[in-house]
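Commentary on secondary and tertiary structure
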Amino acid sequence: IRDRFTGGLTNDGGNVNVTSGVSLLSGDITNLGTVIVSGNGQATFWGLAGGSTLLNDGEFRVSDGSEATLFVDVIGAGSYTGLGTKRFEAGFSPGSSPGLVSAEGDSMFGAGASIEMEIAGLELGEDYDHYRVDGKLDLGGTLNVKLLDGFTPQQGDEFDLFDALEFAGAFASLNFGDAALASGLRWNFSQLNSTGTLSVSAVPLPAGVWLMLSGLVGFGVFRRRQAA
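I will try to describe carefully the structure that is included in this document. Owing to the predicted nature of the structure, the values given are computational and were not obtained by experimental measurement. (Residues numbered from 1 in each chain as written. Predicted model: local features only at pLDDT ≥ 70, side-chain atom pairs only at ≥ 80, totals over all residues. Heavy atoms only, no water.)

A short note on the overall build of the chain
Broken down by element type, the chain carries two helices and 22 strands. Within the chain, the fraction of its 228 residues that count as buried is 44%. Considering only contacts in the chain between residues 6 or more positions apart, those separated by 24 or more positions represent 52%. Roughly 11300 Å² of accessible area belongs to the chain as shown, and the carbon and sulfur atoms make up 50% of that amount. (Helix = DSSP H or I, 4+ residues; strand = E, 2+ residues; numbered from the N terminus. Buried < 20%, exposed > 50% of the residue type's maximum accessible area, 1.4 Å probe, protein only. Contact = heavy atoms within 4.5 Å. Areas by Shrake-Rupley, 256 points an atom, 1.4 Å probe, with all protein chains shown as cover.)

Structural notes on the environment of T69
Within the fold, T69 resides in strand β8 (residues 67–70). Take T69: its relative accessible area is 14%, and that puts it in the buried class. Residue contacts for T69: discarding those within four places in its chain leaves A43, T44, F45, R87 and E89.

So, the packing of aromatic side chains
For the structure shown, the criterion picks out 17 aromatic pairs. For the pair F109 and Y131, a centre-to-centre distance of 6.1 Å together with 45 degrees between the ring planes defines the contact as tilted. Here F109 is found in strand β14 (residues 107–109), whereas its partner Y131 is found in strand β16 (residues 130–139), with 22 residues between them in sequence. Of the aromatic side chains, those joined through ring pairs into one cluster are F45, F60, Y80, F88, F92, F109, Y131, F162 and F171. (Phe/Tyr/Trp six-rings, centres within 6.5 Å; stacked < 30°, edge-to-face > 60°.)

Description of the sheet that holds strand β21 (residues 185–188)
Spatially, three strands are ordered β18-β22-β21 in an open sheet, and the strand pairing comes out antiparallel. Each end of this open sheet is capped by a strand with a single partner; those strands are β18 (158–160) and β21. In this sheet, adjacent strand axes meet at a mean angle of 20 degrees when their direction is disregarded. As paired strands, β21 and strand β22 (residues 197–202) are joined by four bridges and run antiparallel to one another. Bridge assignment links N188 to a residue of β22, and that residue is S199. (Pairing = 2+ DSSP bridges. Axes fitted to C-alpha atoms, helices over the stretch in contact; angles between N-to-C directions.)

Notes on the side chain of T81
Relative to the assigned elements, T81 resides in strand β10 (residues 79–81). On the basis of relative accessible area, T81 is assigned to the buried category, the value being 15%. Those residues in contact with T81 that sit more than four places away from it in its chain are E59, F60, R61, V62, K86 and E104.

As for the environment of N56
Tracing the backbone through its elements, the reader meets N56 in strand β6 (residues 53–56). Assessed through its relative accessible area of 0%, N56 is described here as buried. Sequence spacing of N56 and S79 is 23 residues, and the spatial spacing of their C-alpha atoms is 7.6 Å. Within the local environment of N56, its side chain forms a polar contact with the backbone nitrogen of G58, the two atoms lying 3.3 Å apart. One polar contact links the side chain of N56 to the main-chain carbonyl oxygen of S79, over a distance of 3.2 Å. (Polar contact = N/O pair within 3.5 Å; in protein donor to acceptor, adjacent residues only side chain to side chain.)

Some thoughts on the pattern of salt bridges
On inspection of all chains with the given rule, the structure shows two salt bridges. Close ionic contact of E59 with R61 constitutes a salt bridge, the shortest N to O distance being 3.0 Å. (Salt bridge = Lys/Arg side-chain N within 4 Å of Asp/Glu carboxyl O.)

Quick look at the pairing of strand β12 (residues 91–94)
What you see with β12 is no split at all: G91 and S93 on one side and F92 and P94 on the other are buried throughout. By the bridge criterion, three bridges tie strand β9 (residues 73–76) to β12 in an arrangement that is parallel. Looking at the pairing, G76 lines up with P94 of β12.

Brief notes about the environment of G78
Relative to the elements of secondary structure, G78 occurs in the loop between β9 and β10. The class for G78 is buried, based on a relative accessible area of 5%. In this structure, the C-alpha to C-alpha distance between G78 and D57, residues 21 residues apart in sequence, is 4.1 Å. Residues within four places of G78 in sequence aside, it is in contact with N56, D57, G58 and V101.

Function-wise, these values are silent; they only describe arrangement.
Shown next as structure tokens:
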């Protein structure tokens, strides 16, 4: 099946059913109802020239045994249900600046994926984006972190961007160009690929500075002893 939505497709509350075999769908899609990929089907959503968008503010269901591969930019606060595999190969931005999006089954960010997670505070799903997967989440592509509304993270702040029953893979690159921190702080992504957590920590002092400080402390102790 090949369908090309040159003027876009809007599902205003009904069902769009894609079943059995291989299906290729191209163009912008606005889903306010339910999109269902079932019957062991393999559905690929392609972008037209200049790119296309899937706005999911409803339910995007991929039933067990089926697969959906998305070469379109995916946005919106809708859910991803069903035990089938969802593969994101272009843009992915959960929620509505920001928000929480949940998914059943397995999800995968491909090598070409560009995932944008927005942070405007400390409350999960309310102040910063969160993607929760009830199966395996295979990481890949580029993670772009963006601060909103003048929010300035502090040392010790943690952001649980992703949850999954199992993590696999790793992001190929991290982009913090829109998430600059105050002087002396850095993004700590040591747990990102294993727990989905991003945190803020102090920039460690170089070894030479530690030696200098240790020397100053020792010199101070020596002077106090002399004075005694």
